Every structure is written in structure tokens, then in C-alpha cells.
Amino acid sequence: MTKTICKILILLFFVNCSKEDTTTDTPTTQSMYFPPLTGNAWETQSISDLKWNQNAVQPLLDYLELKNSKSFIILVNGRIVLENYFNDHSVTKNWYWASAGKTLTATVTGIAQQEGLLNINNKVSQYLGTGWTSETLAKENLITCKHLLTMTSGLDDSTDEVEPTDLIYKADAGTRWAYHNVYVKLQDVVASASGQNWSTYFNTKLRDKIGMNGTWVQIDVNSVYTSNTRSMARFGLLMLNKGKWENTTILNEAYFNEATTTSQNINLGYGYLWWLNGKANYHLPQSQLTFQGSIIPTAPNDMFMALGKNDQKIYVIPSKKMVVIRMGNAADAENLALSDFDKVLWEKINALYQ
């Protein structure tokens, strides 16, 4: 996996943009703000306007820098409250989303469904043809697009490879939750259903409509998104507003609601490739154990999350109209999605407003 990350970093060196950054301070307001689709203007809101604790800011930033962060953003009502860069990173530099990008795939799958191109309840083989796994036809036909969205395909999760020979039966679809790279087949489903390649459809239907930058990079079997930190924040803002960007519906609210609530009865902390806080129990990647309580007990219960390898984070907190972004290297040991870093980070964030 180290080789994979190195390849991404080398690629990012060549795709980083060089735009100048500008921000605009505005008075405190309760209205939701959306930054322009082009240019670098983005309204800000001060800690004092929010009546937050200024003394809690530096301990938070010190912790982020100590834990190998490259960037950190807090939005409230769409406005930037904190935006900080560490370790030679900057507002114009790109970084990889890792598995936090799974939520982009889930979102675009929903967009394709609302356009009538596919139905997530249909079997995957309807779009990819039979033989996309090594299962018997009967077992393969049990796997729907929704099973890929919910990590309940039943395929053996001992490998991340997604060639037919690697997609082996472990359990009937819908009966077992296991974190598996096979979700990436949804990109092939969207491409097949739309008659466009994945990147073109993604750029047209999502990226360009909310002013993101970035690109998909194929690293071995992994389809990895890279962008600047503000683009990750734009996506978080879209999700905070239930799939709407200002007055434009990008993703319909019905699908958004499905994606950000418990999607099956095995892992209560999982939606459609989104992690869900505040549930009674949850599962972790590479484990069949059930853990009791909330995924991040120090964070708000209504929070939903995009979590990626080495602590790439999108936290969306509807009750606080807040989006929090963290990009960087692994805070501690290398990890797939969740880590102890989340718990302590939220203790530091809580100190801002409690």
C-alpha cells in the first residue's frame, strides 16, 4: 500500500493547481452560504462572531500539526471559520481522498438513478453482464447495486482485487457486512448505464456543478480521487444541504436520506458508503465483530462521515450546520478508515463551542 500512496503523491506533484487564494470576511448571519462556482472567493465567519472560545483554537491547530495533518477546514453555514495548512501544504495543492471518495461514488450512483439510467435495486449483472464474479449464476444474480452501496455483497473480503477470479462467494448477498473494494464496480455500472466513461459523467453531473477541482486516478485496482481541500469542503457543503447547491438539486433528497441513514441491519453505523455516528452499534473494516455504542462518542450523534485511509475526513453535522475537513498523512499508525485520532480531534473541536 506504501507503493500506492507514493504513486499518488508523485502524480499530485504534476496536477496541483496554482491559483491565488482570497477570502472575504462578512458579518454573522444565519443564512446558508455557497461559494461561487469559479474563482477563489469564499466568505468567512470569525470565531468571535460565533461566540466560540478563541483560547481553544491554538490547541486544536497544535494537535492537527502534531498528528501529520496537511489541511483542516471548518465551515458553519457554508462559511469558512477555520482554514489551516500544515507541512508545506497549501490551498492550491491536491491530496488524495482515499476511501472518503467512496461517498462520491455513492452520490453519483444516486444521480444516475434519478436520471432514470439505473435502479440500485437491480442486479449488478444487468449492467455489467454475467460472469463479473466467480460465483454461480444463481448467487451472482442475488447481488444488486444496493448491496455494493451497503457493503453487503457477500463476496470474500480477504482481497481488494476486483477481477472476476478474485470475487469469490462467501455468503449470500445481504446476509453479511464486509468492507470490500468491490464497491468500485458501481463506477462501471454508471459508465455502462450512461454510455459515458466514469470521469466524464462524474465531472458533468457532480464536480463541475459545485465548483470542485480534482481528478480520478487509477492506482492498481483502486480508483482514487484527488483534489484540493476546498473541493472536499464543497462536497461536504452539498451533503449538509441534502444534495442541493443553492436552489439547484444535484442529488434528490429521498436518495440522500437513504444514503445517510442505516442501510441494513448488520452494521447500524453504515449507510450508502457513508459512516454514521450515534448508532447503537457498528462494525469496522476487516472485522466481523459488533462494537457497542457510537463510532466516535465524543462527536455529535447526528454526524455522518466520509472516512479514508490515513485519516482523510469529511464530517457533516446537520445539527450544527457544520462541515469539518481534514486531509493529511496517518495521524498515528496506518489505518483504513477509523482511528483513535477521531476521538481526540473531536474533544478539541468541542472545546471551541462548549
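The name given to the protein in an unreviewed UniProt entry is Serine hydrolase, with the source organism recorded as Flavobacterium chungangense.

A short note on the overall build of the protein
The secondary structure content of the protein amounts to twelve helices and 15 strands. Here the C-alpha radius of gyration of the protein, 20 Å, is about what a compact globule of 354 residues would show, namely 20 Å. Every one of the 354 residues in the protein was classed for burial, and the buried ones make up 58%. For the protein, contacts bridging at least 24 residues in sequence account for 61% of all contacts bridging at least 6. Accessible surface for the protein amounts to roughly 14200 Å². Of this, 48% is attributable to carbon and sulfur atoms. When the 30 basic and 32 acidic side-chain charges of the protein are each reduced to a single mean position, those positions are 3 Å apart.

Notes on the pairing of strand 7 (residues 222–227)
With six of its six residues buried, strand 7 lies for the most part within the structure. Judged by which residues are buried, strand 7 turns out to be covered on both faces: N222, V224 and T226 on one side and S223, Y225 and S227 on the other are all buried. Pairing analysis gives two bridges linking strand 5 (residues 95–96) to strand 7, with the strands arranged antiparallel. The residue of strand 7 that forms the bridge with Y96 is T226. Bridging between strand 6 (residues 215–219) and strand 7 involves five bridges; their strand directions are antiparallel. Within strand 7, the residue paired with T215 across the bridge is T226.

So, the packing of aromatic side chains
For the structure shown, the criterion picks out 22 aromatic pairs. Between the aromatic rings of F202 and W216, the centroid separation amounts to 5.4 Å while the plane-to-plane angle is 80°, which identifies the pairing as edge-to-face. Separated by 14 residues along the polypeptide, F202 in helix 9 (residues 198–207) and W216 in strand 6 bring together distant segments of the chain. Side by side, F202 and W216 carry an identical accessibility label, which is buried. One aromatic cluster is present, formed by W97, W198, F202, W216, Y225, F235, F256, W274 and F304 through successive ring pairs.

Considering helix 10 (residues 229–240)
The terminal C-alpha atoms of helix 10, which comprises twelve residues, lie 16 Å apart, in line with the 16 Å expected from a rise of 1.5 Å per residue. Along helix 10, twelve of the twelve residues are buried, which leaves the element largely enclosed by surrounding structure. Restricting attention to buried positions, one finds in helix 10 the residues T229, R230, S231, M232, A233, R234, F235, G236, L237, L238, M239 and L240. The N-cap residue of helix 10 is N228: its side-chain oxygen and the backbone nitrogen of R230 are 3.4 Å apart. The positive-phi residue at the C-terminal boundary of helix 10 is K242, with phi of around 55°.

Section: the nonpolar core
F235 and W346 are the most contacted members of the largest nonpolar core, which totals 108 residues. Apart from residues no more than four positions distant in its own chain, W346 is found in contact with I296, T298, A299, P300, M303, Y315, I317, M322, V324 and Y353.

A word on empty space enclosed by the protein
Inspection of every chain in the model, using the stated rule, returns one cavity of 30 Å³ or more. Estimates place the volume of the largest cavity at around 30 Å³. Lining the largest cavity are M151, S153, G154, L155, R176, A178 and H180. Here the residues of the lining of the largest cavity are counted per class, giving three nonpolar, three polar and one charged.

Observations regarding the UniProt feature "domain: Beta-lactamase-related" (unreviewed entry) in the protein
According to UniProt, the "domain: Beta-lactamase-related" (unreviewed entry) feature falls on residues 71–333. Across residues 71–333, the secondary structure splits into 25% helix and 21% strand, with the terminal C-alpha atoms separated by 19 Å.

Description of the sheet that holds strand 5
Two pairing modes exist for strands in a sheet, parallel and antiparallel, and in both the strands are linked by backbone hydrogen bonds. Strand order in the open sheet formed by three strands is 5-7-6, with antiparallel pairing between adjacent strands. Across the chains shown, the open sheet's two edge strands, defined by having one partner strand only, are strand 5 and strand 6.

Focus: unusual backbone geometry
Phi angles above zero are rare outside glycine, and K242 is one such case at about 55°. Counting through the fold element by element, K242 comes out in the loop between helix 10 and strand 8 (244–245). A relative accessible area of 40% places K242 in the partly exposed class. Positive phi outside glycine occurs at K321, with the angle close to 50°. Structurally, K321 is set in the loop between strand 14 (312–317) and strand 15 (322–328).

What about helix 4 (residues 102–114)?
The terminal C-alpha atoms of helix 4 lie 19 Å apart, and with 13 residues this matches the ideal 18 Å at 1.5 Å per residue to within 8%. In terms of burial, helix 4 is a largely internal element, eleven of the 13 residues being buried. Just downstream of helix 4, G116 is the residue with a positive phi angle, here 80°.

What counts and what doesn't
Residues numbered from 1 in each chain as written. Predicted model: local features only at pLDDT ≥ 70, side-chain atom pairs only at ≥ 80, totals over all residues. Heavy atoms only, no water. Helix = DSSP H or I, 4+ residues; strand = E, 2+ residues; numbered from the N terminus. Rg over C-alpha atoms; globule rule 2.2 N^0.38 Å. Buried < 20%, exposed > 50% of the residue type's maximum accessible area, 1.4 Å probe, protein only. Contact = heavy atoms within 4.5 Å. Areas by Shrake-Rupley, 256 points an atom, 1.4 Å probe, with all protein chains shown as cover. Lys, Arg positive; Asp, Glu negative; His and termini not counted. Charge placed at Lys NZ, Arg CZ, Asp CG, Glu CD. Pairing = 2+ DSSP bridges. Phe/Tyr/Trp six-rings, centres within 6.5 Å; stacked < 30°, edge-to-face > 60°. Expected span 1.5 Å × (residues − 1). Polar contact = N/O pair within 3.5 Å; in protein donor to acceptor, adjacent residues only side chain to side chain. Core = buried A, V, L, I, M, F, W, Y, C linked by side-chain atoms within 4.5 Å. 1 Å grid on protein atoms, 1.4 Å probe; cavity = no way out; pocket = protein on both sides within 12 Å on 5 of 7 lines; lining within 4 Å. Points joined across faces, edges and corners; volume = space filled by probe spheres on them. Nonpolar A, V, L, I, M, F, W, Y, C, P; charged D, E, K, R; others polar. UniProt positions renumbered as here; feature names shortened; annotations may be inferred.

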